[in-house]
Amino acid sequence: MNESFAAYGPQDVRFLIERYPLAWVQSWAGGNEVQASLLPLVGEYDGQGHLTALIGHMARHNPLHRALRARSAAHVLFTGPQGYVSPEHAGLRDWAPTWNYVQLKITADLRFDDALTGPALEILIDEMERCRPEPWSKEELGGRYSRLADAIIGFRAEIRSCTGIFKLGQDERPEVLSHILASHPDPVLVEWMRRFNP
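Residues numbered from 1 in each chain as written. Predicted model: local features only at pLDDT ≥ 70, side-chain atom pairs only at ≥ 80, totals over all residues. Heavy atoms only, no water.

*Asks:* Looking at this structure, I do not really get the overall build of the protein chain. What am I missing?
*Replies:* When helices and strands are tallied, the protein chain shows seven helices and seven strands. From first element to last, N terminus to C terminus, the protein chain shows the α and β order α-β-β-β-β-α-β-α-β-α-α-β-α-α. A buried classification covers 44% of the 198 residues belonging to the protein chain. As presented, the protein chain carries roughly 11000 Å² of accessible surface, and 52% of it is formed by carbon and sulfur atoms. In the protein chain, 20 positive and 25 negative side-chain charges are present, and the distance between their average locations comes to 4 Å. (Helix = DSSP H or I, 4+ residues; strand = E, 2+ residues; numbered from the N terminus. Buried < 20%, exposed > 50% of the residue type's maximum accessible area, 1.4 Å probe, protein only. Areas by Shrake-Rupley, 256 points an atom, 1.4 Å probe, with all protein chains shown as cover. Lys, Arg positive; Asp, Glu negative; His and termini not counted. Charge placed at Lys NZ, Arg CZ, Asp CG, Glu CD.)

*Asks:* Would you take a moment to explain a nonpolar patch on the surface for this structure?
*Replies:* Residues Leu 22, Trp 24, Leu 38 and Leu 77 make up a contiguous nonpolar surface patch of about 360 Å² in total accessible area. By the element assignment, Trp 24 lies in strand S1 (residues 22–27). The exposure class assigned to Trp 24 is partly exposed, which follows from its relative accessible area of 43%. (Patch = residues over 30% accessible without salt bridge, like charges linked within 9 Å, V, L, I, M, F, W, Y side chains within 5 Å. Salt bridge = Lys/Arg side-chain N within 4 Å of Asp/Glu carboxyl O.)

*Asks:* I keep staring at the pattern of salt bridges and nothing clicks. Help me out?
*Replies:* Where charged atoms of side chains with opposite charge meet at close range, the side chains can pair. Going through the model one piece at a time under the given rule, you end up with 13 salt bridges. Arg 160 serves as the salt-bridge partner of Asp 109, at 3.4 Å between the closest nitrogen and oxygen. Here Asp 109, found in strand S6 (residues 98–113), pairs with Arg 160, found in strand S7 (residues 152–167); they are 51 residues apart in sequence, far enough to count as distant. Exposure remark for Arg 160: the relative accessible area of 52% places this residue in the exposed category.

*Asks:* What should I look at first to understand the sheet that holds S6 in this one?
*Replies:* Backbone hydrogen bonds hold the strands of a sheet together, and the pairing may be parallel or antiparallel. If you trace the seven strands from one edge of the open sheet to the other, you get S2-S1-S5-S6-S7-S4-S3, paired in antiparallel fashion. One side of each edge strand has no neighbouring strand; the edge strands of this open sheet are strand S2 (36–40) and strand S3 (42–45). Across this sheet, the average inter-strand angle for adjacent strands is 35°, counted without regard to direction. One ladder, built from seven bridges, connects strand S4 (residues 51–59) with S7; its direction is antiparallel. Across the sheet, the residue bridging to His 57 is Gly 154, located in S7. Against the sheet, helix H2 (residues 63–70) engages S1, S2, S4, strand S5 (73–85), S6 and S7, with an angle of about 55° to S1. (Pairing = 2+ DSSP bridges. Axes fitted to C-alpha atoms, helices over the stretch in contact; angles between N-to-C directions. Contact = heavy atoms within 4.5 Å.)

*Asks:* Hey, could you run me through the environment of Val 85 in this one?
*Replies:* Mapped onto the elements, Val 85 comes out in strand S5. Residues Val 85 and Pro 97 lie twelve residues apart in sequence; the distance between their C-alpha atoms is 5.8 Å. Beyond its immediate sequence surroundings of up to four residues, Val 85 is in contact with Trp 95, Pro 97, Thr 98, Asn 100, Ile 180 and His 184.

*Asks:* Mind showing me how you'd approach the nonpolar core here?
*Replies:* It is characteristic of soluble globular proteins that their nonpolar side chains tend to be buried jointly. Counting 41 residues, the largest nonpolar core has Val 25, Leu 41, Leu 54 and Phe 78 as the members making the most contacts within it. Among the elements that take part in this core, S6 stands out by supplying six residues, more than any other. Apart from the residues within four sequence positions on either side, Phe 78 is in contact with Leu 16, Ile 17, Tyr 20, Pro 21, Ala 23, Leu 41, Leu 54, Val 102, Gln 103, Leu 104 and Ile 106. (Core = buried A, V, L, I, M, F, W, Y, C linked by side-chain atoms within 4.5 Å.)

*Asks:* Please clarify how helix H6 (residues 174–183) should be interpreted in this entry.
*Replies:* Quick reminder: α-helices carry 3.6 residues per turn. Residues three or four places apart thus point the same way. All of the buried residues in H6 are Val 176, Leu 177, Ile 180 and Leu 181. For H6, the angular spread of the buried residues around the axis is 135°, confining them to a single face. Along H6, exposed side chains directed more than 90 degrees from the buried face belong to Pro 174 and Ala 182. Buried residues belonging to H6 abut S5, helix H3 (87–90) and helix H7 (187–196). (Arc of directions from axis to C-beta.)

*Asks:* In this structure, what is going on with the packing of aromatic side chains? I would like to understand it.
*Replies:* Counting across every chain of the model gives six aromatic pairs. Relative to Trp 99, the ring of Tyr 84 lies with its centre 5.8 Å away and its plane at 55°, an arrangement referred to as tilted. Taken together, the residues span a long stretch of sequence, with Tyr 84 in strand S5 and Trp 99 in strand S6 at a distance of 15 residues. Using a relative accessible area of 45% as the deciding quantity, one classes Trp 99 as partly exposed. Centroid distance Phe 112 to Phe 155: 6.0 Å. Interplanar angle 80°. Geometry classified as edge-to-face. In this pair, Phe 112 is assigned in strand S6 and Phe 155 in strand S7, connecting sequence segments 43 residues apart. What makes Phe 112 buried here is its relative accessible area of 13%. Three or more aromatic residues joined by ring pairs make a cluster, and in this case those are Tyr 8, Phe 166 and Phe 196. One residue, Arg 14, lies across the ring of Tyr 45, its end atom 4.2 Å from the ring centre. One Lys or Arg, Arg 195, reaches over the ring of Phe 15 and ends 3.8 Å from the middle of that ring. (Phe/Tyr/Trp six-rings, centres within 6.5 Å; stacked < 30°, edge-to-face > 60°. Lys NZ or Arg CZ within 6 Å of the ring centre and 35° of its normal.)

What follows is the structure, encoded as structure tokens:
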């Protein structure tokens, strides 16, 4: 793997998690059946902007809940923009096609906390609704909110390690990259490629 794909900073980690908060959370493969679920997560960051924890919630009846109660070690996988890049996009018939993508692999110590359920929901609602013209609030559910909240539990996952691959054309010659940026049909992927190829 080209080492330039691992040249990213804490601001890139935050950018990815804020724009693609739905991540796979998986129990540790330690002799038991692996459990996994897609869950929306919100990052916590230190003063230097480094990711320190992930806040989330899950249904109490989710088999992942039981697995992570037994052993708190979890894997978390975030994926970002991705897409096929054809030789047509590069403008070269003798150029090998590729796939550009973004991923973060995190290991974490995930702890459930009944007292965190309410705050975790509020954090997620605030994060998801903050840019909407008329943000939704939990009060609009009335009495249903507490009944729904009783079925879930909040958690905080403290980060143990975080490694990423931001494969976004950093290895391309400038003229090839320019052609890809001008011809690729996915504007989001192009935006991310520009971010990593200023």
